[in-house]
Amino acid sequence: MLRAAREFVMKPGFHTRFRLTLRPLLSKVLEPRVNRSNGNGMRIDLHVHTTASDGLLDPGALVRAVTEAGVQVFGLADHDTVDAIPETLALAEAAGLQCVPGIEISAYWGAIEFHILGYYIDPAEGTLTTFLQGTRKARHTRMRAMLSRLGAMGIPIPEAEVLAAARNGNVGRPHLARVLVEHGVVDGVDEAFERYLGAGRPAYVPRPDVTVAQAISVIHGAGGLAVVAHPGLQNRDDAFPDLLAAGLDGIEVYHPKHNYGLVSRYRRLAGRHQLLITGGSDFHGVPDGDHASMLGRPCLHEADFLKLAEAIRSRRETAK
Ligand code: AMP
Ligand code: FE
Ligand code: FE
Ligand code: ZN
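This one's a predicted model, so the numbers in the text were calculated from it and none came from an experiment.

Participant: Give me the lowdown on the overall build of the protein, citing residues and values where you can.
Facilitator: Broken down by element type, the protein carries 13 helices and seven strands. By the burial criterion, 42% of the 320 residues in the protein qualify as buried. Expressed as a percentage of contacts within the protein between residues at least 6 apart in sequence, the contacts between residues at least 24 apart total 72%.

Here it is as structure tokens:
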């Protein structure tokens with residue numbers, strides 16, 4: 001069944017055809033199903049990436065991996081792109097999985113980089129599409145700036161190699177990190193971030209062209225719910241007043257980098273401000289190193305997912 005679906009989407013003409021069928025499929029996923037018959041609850045992982053951004057698995061391989069991991073609901077959250085949504089929705093549907101269409105937008109609060117997740121977005125919405133064309137360009141410009149910094153440090157890396165590593169997807173630091181490993185400049189991706197690419201490291205170039213308020217507004221404009229990703233990594237809870245003022249809907253409480261203390265801190269914060277709670281593995285398909293994670297670990301409680309589903313339903317009702 002899954003193979004048939006894959007072959008179907010690989011056929012030429014699928015993408016034009018898909019544009020015609022995206023609407024009904026989208027309206028289906030915008031009515032989240034929750035299988036209450038399963039006494040053990042569902043495995044829900046709302047944070048996964050594909051090759052459309054810096055993940056290593058394409059939609060087909062991802063859907064297979066999700067099935068194998070025993071995850072029934074997954075949220076697609078590629079960095080600054082919705083390109084994988086149509087194909088992934090179709091493949092998930094064929095495999096009997098539920099895919100929540102989403103995105104993870106890189107944004108800045110002052111000089112601090114935050115990631116804002118958008119769930120149940122309409123990937124074809126006009127303002128979002130224009131916004132993403134802009135960020136795609138900005139990512140290229142920033143990559144070039146990072147490459148010239150590396151060049152000045154005596155590490156010449158051809159831009160074409162980094163773009164090839166991104167395979168037409170949205171280029172980012174992980175792609176550059178992989179090329180640095182290939183060139184033998186560093187032993188691993190983690191070392192590339194630690195020595196060169198991480199915030200404040202010598203080849204790091206910020207991209208403060210998008211503010212957190214803008215990211216939230218774009219997500220709302222596309223009909224989605226805006227959730228701050230892994231706030232424990234930023235560790236700047238003083239950003240919350242501004243995030244709340246911009247209309248933040250939820251907090252990603254469960255994340256591989258959130259220990260028990262952070263989970264309880266953000267659960268309390270969510271409760272205090274009546275925010276939704278989400279979570280997932282931030283799966284990139286990377287097998288080892290600091291950034292490796294396993295699908296469904298951690299996963300989101302079904303009760304929290306139900307609230308998210310309720311919130312999108314009532315938002316759509318009031319929008320009618
Ligand atoms: P960019 O989107 O270009 O700003 O790159 C940021 C992305 O790099 C993050 O969202 C992560 O997916 C990834 N990343 C951050 N730190 C590491 C690390 N130590 N190892 C591998 N990937 C990382
Ligand atoms: Fe990433
Ligand atoms: Fe992130
Ligand atoms: Zn992520």
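Past the structure itself, the notes keep going.
Participant: So what's going on with the site of ligand 1? Residues and values would help.
Facilitator: Near ligand 1, the surroundings consist of Asp54, His79, Ser106, Gly172, Arg173, Pro174, Val189, Asp190, Phe193, His284, Asp290 and His291. Of all the elements in the fold, those that place two or more residues in the shell around ligand 1 are helix 7 (173–182) and helix 8 (189–197). Counting residues per element, the shell around ligand 1 draws most heavily on helix 8, at three residues. Classifying every residue of the shell around ligand 1 gives three nonpolar, five polar and four charged.

Participant: Lay out the nonpolar core in plain terms, naming residues and giving numbers.
Facilitator: In terms of nonpolar packing, the biggest core is built from 64 residues, with Ile116, Ala215 and Val227 touching the most fellow members. With six residues, strand 3 (residues 98–109) is the largest single contributor of residues to this core. Those residues in contact with Ile116 that sit more than four places away from it in its chain are Ile105, Ala107, Val212, Ala215, Ile216, Ile219, Ala226, Val228 and Ala229. Among the nonpolar cores identified, the runner-up in size contains 16 residues, and Val171, Val179, Phe193 and Ala203 belong to it.

Participant: Go over the sheet that holds strand 1 (residues 44–48) with me, naming the residues and quoting the values.
Facilitator: Strand order in the open sheet formed by seven strands is 1-2-3-4-5-6-7, with mixed pairing between adjacent strands. The open sheet is flanked by strand 1 and strand 7 (276–279), the only strands paired with a single partner. Across the sheet, the mean angle from the axis of one strand to that of its neighbour is 35°, orientation sign disregarded. Alignment of strand 5 (residues 225–228) against strand 6 (residues 250–254), held across two bridges, turns out to be parallel. The partner of Val227 across the bridge, within strand 6, is Gly250. Of the strands in this sheet, strand 2 (73–76) and strand 3 touch helix 4 (residues 85–94), which is tilted by about 150° from strand 3. Across the sheet, helix 13 (residues 302–319) lies against strand 1, strand 2, strand 4 (112–119), strand 5 and strand 7, angled at about 120° from strand 7, the strand it touches most.

Participant: Give a description of the confidence of the model for the protein that names residues and reports values.
Facilitator: Of the residues in the protein, 88% have a pLDDT of 70 or more, and the chain-wide mean is 90. Contacts from residues 1–20, a stretch scored under 50 in pLDDT, to residues over four places away or in other chains number 17 contacts. This model gives residues 34–39 a pLDDT under 50, and the stretch forms four contacts once residues within four places in sequence are excluded.

Participant: Summarise the environment of Tyr196; cite the residues concerned and give the values.
Facilitator: Looking at where Tyr196 falls in the secondary structure, it is placed in helix 8. In the structure, Tyr196 is positioned ten residues away from Val186 in sequence and 9.7 Å away in space, judged by C-alpha atoms.

Participant: Can you lay out helix 9 (residues 212–221) for me, pointing to particular residues and giving the numbers?
Facilitator: Because each turn of an α-helix spans 3.6 residues, side chains separated by three or four positions in sequence point in the same direction. Along helix 9, the residues classified as buried are Val212, Ala215, Ile216, Val218 and Ile219. Here the buried residues of helix 9 occupy an arc of 160° about the axis, which is enough to place them on one side. On its buried face, helix 9 is in contact with strand 3, strand 4, helix 5 (126–152), strand 5 and helix 11 (240–245). Following helix 9 by one or two positions, Gly223 adopts a phi angle in the positive range, close to 80°.

Participant: Can you break down helix 13 residue by residue, with the values?
Facilitator: The end-to-end C-alpha separation of helix 13 is 26 Å, in line with the 26 Å expected for 18 residues at 1.5 Å each. By the burial criterion, the buried members of helix 13 are Asp304, Phe305, Leu308, Ala309 and Ile312. Across the axial projection of helix 13, the buried residues extend over an arc of 145°, all falling on one side. Those residues of helix 13 that are exposed and aimed more than 90 degrees away from the buried face are Ala303, Ser314, Glu317 and Thr318. Buried residues belonging to helix 13 abut strand 1, strand 2, strand 4, strand 5 and strand 7.

Participant: So, the pairing of strand 4: which residues are in play, and what are the values?
Facilitator: In terms of residue burial, strand 4 counts as a mostly covered element, since six of its eight residues are buried. As paired elements, strand 3 and strand 4 share eight bridges and run antiparallel to each other. Paired with Tyr108 across the two strands is Glu113, which belongs to strand 4. If you look at the hairpin formed by strand 3 and strand 4, you'll find two residues sitting between the two strands, and Gly110 has a positive phi there, around 60°.

Participant: How would you explain the pairing of strand 2 if you had to name every residue and give the values?
Facilitator: A two-sided burial pattern is seen for strand 2, the buried positions comprising Val73 and Gly75 on one face and Phe74 and Leu76 on the other. When strand 1 meets strand 2, the two strands line up parallel, connected through three bridges. Within the sheet, the bridge partner assigned to Ile44 lies in strand 2 and is Val73. Bridge count between strand 2 and strand 3: four bridges; the pairing is parallel. Considered in strand 3, the bridge of Val73 is made with Gln98.

Cut-offs used in this document
- Residues numbered from 1 in each chain as written.
- Chains lettered and ligands numbered in written order.
- Predicted model: local features only at pLDDT ≥ 70, side-chain atom pairs only at ≥ 80, totals over all residues.
- Helix = DSSP H or I, 4+ residues; strand = E, 2+ residues; numbered from the N terminus.
- Buried ≥ 20, exposed ≤ 12 C-beta atoms within 10 Å, placed from the backbone.
- Contact = placed C-beta atoms within 7 Å.
- Near = placed C-beta within 6 Å.
- Nonpolar A, V, L, I, M, F, W, Y, C, P; charged D, E, K, R; others polar.
- Core = buried A, V, L, I, M, F, W, Y, C linked by C-beta atoms within 7 Å.
- Pairing = 2+ DSSP bridges.
- Axes fitted to C-alpha atoms, helices over the stretch in contact; angles between N-to-C directions.
- pLDDT = per-residue confidence, 0-100.
- Arc of directions from axis to C-beta.
- Expected span 1.5 Å × (residues − 1).

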